[in-house]
Amino acid sequence: MILAVGALSEPLLPSIEGLGSFAGPVFHSARWDPAFEPRGRRVAVIGSGASAAQVIPAIQLVARQVVSFSGRRPGWCRDGIAR
């Protein structure tokens with residue numbers, strides 16, 4: 001799970017029930033884990049900021065599945081696709 005919410009220099013980790021017991025890797029895009037390999041994995045991206053708009057197209061090329069969760073619709077996206 002990749003969290004892409006919060007201001008550029010102030011990563012925000014949302015309060016999600018069960019997040020602490022999630023067995024997979026969890027990190028904010030501003031604190032990218034260089035050991036993370038998305039190839040063949042199911043990946044969830046929470047947030048719709050500029051980081052998400054960059055991360056999603058890059059990892060969808062190799063991940064088995066990418067699901068994006070967003071509470072709002074950013075101005076630089078139309079129909080869920082970064083433009």
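Residues numbered from 1 in each chain as written. Predicted model: local features only at pLDDT ≥ 70, side-chain atom pairs only at ≥ 80, totals over all residues. Heavy atoms only, no water.

*Asks:* Talk me through the confidence of the model for the protein; I want residue IDs and the actual numbers.
*Replies:* With 73% of its residues at a pLDDT of 70 or more, the protein shows a mean pLDDT of 80. Of all helices and strands in the protein, the one with the weakest mean pLDDT is strand 8 (residues 81-82) (52), whereas strand 5 (residues 42-46) scores best (93). (pLDDT = per-residue confidence, 0-100. Helix = DSSP H or I, 4+ residues; strand = E, 2+ residues; numbered from the N terminus.)

*Asks:* Describe in detail the environment of Val-45, supporting the description with residues and values.
*Replies:* In this structure, Val-45 sits in strand 5. For Val-45, a relative accessible area of 0% corresponds to the buried category. (Buried < 20%, exposed > 50% of the residue type's maximum accessible area, 1.4 Å probe, protein only.)

*Asks:* An account of the nonpolar core is requested, with residue identities and associated values reported.
*Replies:* Counting eight residues, the largest nonpolar core is built from Phe-27, Phe-36, Val-43, Val-45, Ala-52, Val-55, Ile-59 and Ala-63. Secondary structure elements with two or more residues in this core: strand 5 and helix 1 (50-59). Looking at this core, the element that brings in the most residues is helix 1, giving three residues. (Core = buried A, V, L, I, M, F, W, Y, C linked by side-chain atoms within 4.5 Å.)

*Asks:* Can you tell me about the environment of Val-67, naming the residues and giving the values?
*Replies:* Considering the arrangement of structural elements, one finds Val-67 in strand 6 (residues 65-69). Given the relative accessible area of 30%, Val-67 is considered partly exposed. Taking C-alpha positions, Val-67 is 8.5 Å from Ile-46, a pair spaced 21 residues apart along the chain. Each residue touching Val-67, except ones within four places of it in the same chain, is listed here: Val-43, Ala-44 and Val-45. (Contact = heavy atoms within 4.5 Å.)

*Asks:* Tell me about the environment of Val-66, residues and numbers included.
*Replies:* Looking at the secondary structure, you find Val-66 in strand 6. Each residue touching Val-66, except ones within four places of it in the same chain, is listed here: Val-43, Val-45, Ile-56, Ile-59 and Gln-60.

*Asks:* Describe in detail the side chain of His-28, supporting the description with residues and values.
*Replies:* Assignment of secondary structure puts His-28 in strand 4 (residues 27-28). A distance of 2.9 Å separates a polar side-chain atom of His-28 from the backbone nitrogen of Ala-30. (Polar contact = N/O pair within 3.5 Å; in protein donor to acceptor, adjacent residues only side chain to side chain.)

*Asks:* Just give me the short version of the packing of aromatic side chains, but keep the residues and values in it.
*Replies:* This model, assessed by the stated rule, comprises three aromatic pairs. Consider the rings of Phe-27 and Trp-32, whose centres lie 4.9 Å apart with planes at 80 degrees: the pair is edge-to-face. Judged by its relative accessible area of 35%, Trp-32 is partly exposed. A centroid spacing of 5.9 Å and a plane angle of 80 degrees characterise the contact between Trp-32 and Phe-36, whose relative ring orientation is edge-to-face. Taken together, the aromatic side chains of Phe-27, Trp-32 and Phe-36 make up a single cluster linked through ring pairs. (Phe/Tyr/Trp six-rings, centres within 6.5 Å; stacked < 30°, edge-to-face > 60°.)

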